[in-house]
Amino acid sequence: MSLFSNALEIVRDNWLLLLVGQYPNGPLGGIAATLILSVLGIGLAFPLSVLVALARLSHRAWLRLPALALVYAVRGVPLLMIIFWVYFMFPLLLGVSVPGYATMLCTLVLYEGAFLSEVVRAGIEALPRGQMDAARALGHGYGGAMRFVILPQALYNMLPSILSQFVSTIKDTTLGYVINVPELTFAANQINNRLLTKPFEVFLILALTYYAVCFSLTRLAGWLESSIAARRAGPAPVQLVAAQ
Amino acid sequence: MIRFEDVNKYYGPFLALADINAQVARGEVVVVCGPSGSGKSTLIRTVNRLEEIQSGAVRFDGQNVHAPMRAAALNRLRSQIGFVFQSFNLFPHLSALENVVLSPWRVKAVGRAEARARAMALLERVGLAERAHAYPAQLSGGQQQRVAIARALAMEPPAMLFDEPTSALDPEMVGEVLAVMRSLAKDGMTMMCVTHEMGFARDVADRVWFMDAGRILETATPTAFFGAPQHPRAQRFLSDLRSH
């Protein structure tokens, strides 16, 4: 019992730090930073992933091979390595210091974009071949067929997977801690460093917070999935006639 | 209007089309029949180059569809050749009306309002005006195929190709699709139909092509073909049809 009352006390004393970090006296942090990083990360990774997926499906080798290399490289390397790589290499290459937020965002976009591109590619390839045939037979070019026929279906079908990639992204932002991005884990660690004697309580709060956010999103993905399945099956024609 | 000149097609070592020489005149209705795997569908799919050929030419209105050409030129050619698939291939994310509107609007740059009005008229013609806002999953197979015919007609093609348009339908829905095809033929549409509906061939076709093993073995008027088939393979095919 004292564990929970301790935890509650810590939350009561530090809720603002957990929520927004040191803002407005310092950089925005806490859950707010975690969510902003995740939303921006997946939001920018998504268009990238569509481009990478289309490049991977292209019959032009100069488009396909670099996309393939990117996906394989990112899938074969731990996220932490990429974070370090971007963190140390970007300033060297660009000659300017890159803030931790930007480093983390770039890394997330690259990493999640590569993973998401596999989701998008699977979604495109899962559609019956007849869809592309029908579009081409009507005179649509490859681009038009993709834009008006293939992608709208593939992306819609992939919504649940995209949402679960978003959940992964939220969890991946914790690694921003190692390059001092003041997100939620960073805030929890600040609290732990101040209290020193209650690490279990602090990290319990942290775990529960991530769990609450990720679990509700996972549930949302599950609900989306079943409602998409229902919509795809469509109401029986007979019922529909009766309803009108 | 459609002319096959020495067409040969291989799948690896397998000869799918052998020395095809034939033509469909303007306003003519040709029914292509023959046993499964005889190359009927492959043949009809070479007309709008959904299938490539290894040698020969397929001319549409004098122009060789299989000549090297820019993508835009091929798209323009395809838009002039209506194609109806066995599996309908309606776009499931669009309503019946949107399916018919999409290609005139996006490919031929017909104004959206005009494309809608014409699409409505076409749905009326195939007897589905009241189902214009239903999604494909809410339509029966026969209704879907009628929408697919309307969608192909929306590009105002001078010729229509039908690749086993009734083979995926429950028996009681075959009639409604054939009725639409009959009315098209009556209006003078140039048609090439792969079908097992021998009643339709007898009533509507100007000529029947009988295919087996990638070759056209016999071309005749329906009266001659059904009354006194010349080729032994055609005789066996027809007697097999009658025996059940």
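Residues numbered from 1 in each chain as written. Chains lettered and ligands numbered in written order. Predicted model: local features only at pLDDT ≥ 70, side-chain atom pairs only at ≥ 80, totals over all residues. Heavy atoms only, no water.

### Quick look at the overall build of chain B
Part 1 of the reasoning: Per the secondary structure count, chain B includes nine helices and ten strands.
Part 2 of the reasoning: If one aligns the C-alpha atoms of chain B with their principal axes, the spans along those axes are about 55 × 45 × 30 Å.
Part 3 of the reasoning: Here the analysis covers contacts within chain B between residues at least 6 apart in sequence; of these, 65% occur between residues at least 24 apart.
Part 4 of the reasoning: Carbon and sulfur atoms form 49% of the exposed surface of chain B, whose accessible area is close to 10000 Å². (Helix = DSSP H or I, 4+ residues; strand = E, 2+ residues; numbered from the N terminus. Contact = heavy atoms within 4.5 Å. Areas by Shrake-Rupley, 256 points an atom, 1.4 Å probe, with all protein chains shown as cover.)

### Digging into the pattern of salt bridges
Part 1 of the reasoning: In this structure the tally under the stated criterion is 21 salt bridges over all chains.
Part 2 of the reasoning: For the salt bridge of Arg146(B) with Glu176(B), the shortest nitrogen-to-oxygen distance reads 2.5 Å. Within this pair, whereas Arg146(B) is found in helix α5 (residues 141-153), its partner Glu176(B) is found in helix α6 (residues 171-186), the two being separated by 30 residues in sequence.
Part 3 of the reasoning: We classify Arg146(B) as buried; its relative accessible area is 11%.
Part 4 of the reasoning: Through salt bridges that share partners, Arg56(A), Arg75(A), Glu118(A), Arg121(A) and Glu125(A) make up one connected network. (Salt bridge = Lys/Arg side-chain N within 4 Å of Asp/Glu carboxyl O. Buried < 20%, exposed > 50% of the residue type's maximum accessible area, 1.4 Å probe, protein only.)

### So, the packing of aromatic side chains
Residue and element names in this part refer to chain B.
Part 1 of the reasoning: Here the structure, examined in full by the defined rule, presents ten aromatic pairs over all chains.
Part 2 of the reasoning: For the pair Phe83 and Phe85, a centre-to-centre distance of 4.7 Å together with 50° between the ring planes defines the contact as tilted. One exposure class covers both Phe83 and Phe85, and it is buried.
Part 3 of the reasoning: One aromatic cluster is present, built from ring pairs that chain together Phe210, Phe225, Phe226 and Phe237.
Part 4 of the reasoning: Its end group placed over the ring of Trp105, Arg106 keeps NZ or CZ at 4.0 Å from the ring centre.
Part 5 of the reasoning: A cation over an aromatic ring shows up here: Arg202 above the ring of Phe226, its NZ or CZ 4.6 Å from the ring centre. (Phe/Tyr/Trp six-rings, centres within 6.5 Å; stacked < 30°, edge-to-face > 60°. Lys NZ or Arg CZ within 6 Å of the ring centre and 35° of its normal.)

### Examining the sheet that holds strand β8 (residues 190-194) of chain B
All names here are of chain B.
Part 1 of the reasoning: With mixed pairing, the six strands of this open sheet are ordered in space as β6-β7-β8-β3-β9-β10. The open sheet terminates on both sides in strands that have one partner only, identified here as β6 (81-84) and β10 (215-220). The mean inter-strand angle of the sheet, taken between neighbouring strand axes irrespective of direction, is 15°.
Part 2 of the reasoning: Both strand β9 (residues 207-212) and β10 contribute to a ladder of five bridges, which runs antiparallel. Note on β10: the bridge partner recorded for Val208 is Ala220.
Part 3 of the reasoning: This element, helix α9 (residues 232-242), spans β3 (29-33), β9 and β10 of the sheet and lies at about 100° to β9. (Pairing = 2+ DSSP bridges. Axes fitted to C-alpha atoms, helices over the stretch in contact; angles between N-to-C directions.)

### Examining helix α1 (residues 2-20) of chain A
Residue and element names in this part refer to chain A.
Part 1 of the reasoning: Helix length check: α1 (19 residues) gives 27 Å between terminal C-alpha atoms against 27 Å at 1.5 Å per residue, within 8%.
Part 2 of the reasoning: Those residues of α1 lying buried are Ala7, Ile10, Asn14, Leu17 and Leu18.
Part 3 of the reasoning: A positive phi of about 70° marks Gly21, the residue just after α1. (Expected span 1.5 Å × (residues − 1).)

### Brief notes about the nonpolar core
If you look at soluble globular proteins, the nonpolar side chains tend to sit buried side by side.
Part 1 of the reasoning: Core analysis: the largest hydrophobic core is formed by 54 residues, its most contacted members being Leu123(B), Ile149(B), Met160(B), Phe162(B), Met181(B), Met191(B) and Phe225(B).
Part 2 of the reasoning: Excluding its chain neighbours within four sequence positions, the residues that come into contact with Phe225(B) are Cys33(B), Val208(B), Phe210(B), Glu218(B), Ala220(B), Ala234(B) and Leu238(B).
Part 3 of the reasoning: Of all hydrophobic cores here, the second largest spans 51 residues; its members include Val149(A), Leu43(B), Ile44(B) and Met155(B). (Core = buried A, V, L, I, M, F, W, Y, C linked by side-chain atoms within 4.5 Å.)

### Section: the pairing of strand β7 (residues 159-163) of chain B
All names here are of chain B.
Part 1 of the reasoning: With five of its five residues buried, β7 lies for the most part within the structure.
Part 2 of the reasoning: Note that β6 and β7 share four bridges and pair parallel. Note on β7: the bridge partner recorded for Phe83 is Leu161.
Part 3 of the reasoning: Pairing between β7 and β8: five bridges, direction parallel.

### Some points on the confidence of the model for chain A
Residue and element names in this part refer to chain A.
Part 1 of the reasoning: Taken residue by residue, chain A gives an average pLDDT of 89. The fraction at 70 or more is 94%.
Part 2 of the reasoning: In the model of chain A, helix α10 (residues 237-243) stands out as the element of lowest mean pLDDT, 40, in contrast to helix α6 (residues 129-137), which has the highest, 97.
Part 3 of the reasoning: Of the regions scoring below 50 in pLDDT, residues 236-244 engages in seven contacts with residues more than four places distant in sequence or in other chains. (pLDDT = per-residue confidence, 0-100.)

### Notes on the packing of α1(A) against helix α8 (residues 184-195) of chain A
Residues and elements named next belong to chain A.
Part 1 of the reasoning: As a packed pair, α1 and α8 sit with axes 10 Å apart at the nearest point and diverge in direction by 140°. Here α1 is positioned oblique relative to α8, judged by the angle of their axes. Seen along the crossing, α1 lies across α8 with a hand that is right-handed. Between α1 and α8, the contacting residues are Ile10, Asn14, Leu17 and Leu18 on the first element and Leu184, Ala187, Ala188, Gln190, Ile191, Arg194 and Leu195 on the second.
Part 2 of the reasoning: Of the residues assigned to the contact of α1 with α8, the class counts are eight nonpolar, two polar and one charged. (Parallel < 35°, antiparallel > 145°, perpendicular 65-115°, else oblique. Left-handed = near helix turned anticlockwise from the far one by under 90°. Nonpolar A, V, L, I, M, F, W, Y, C, P; charged D, E, K, R; others polar.)

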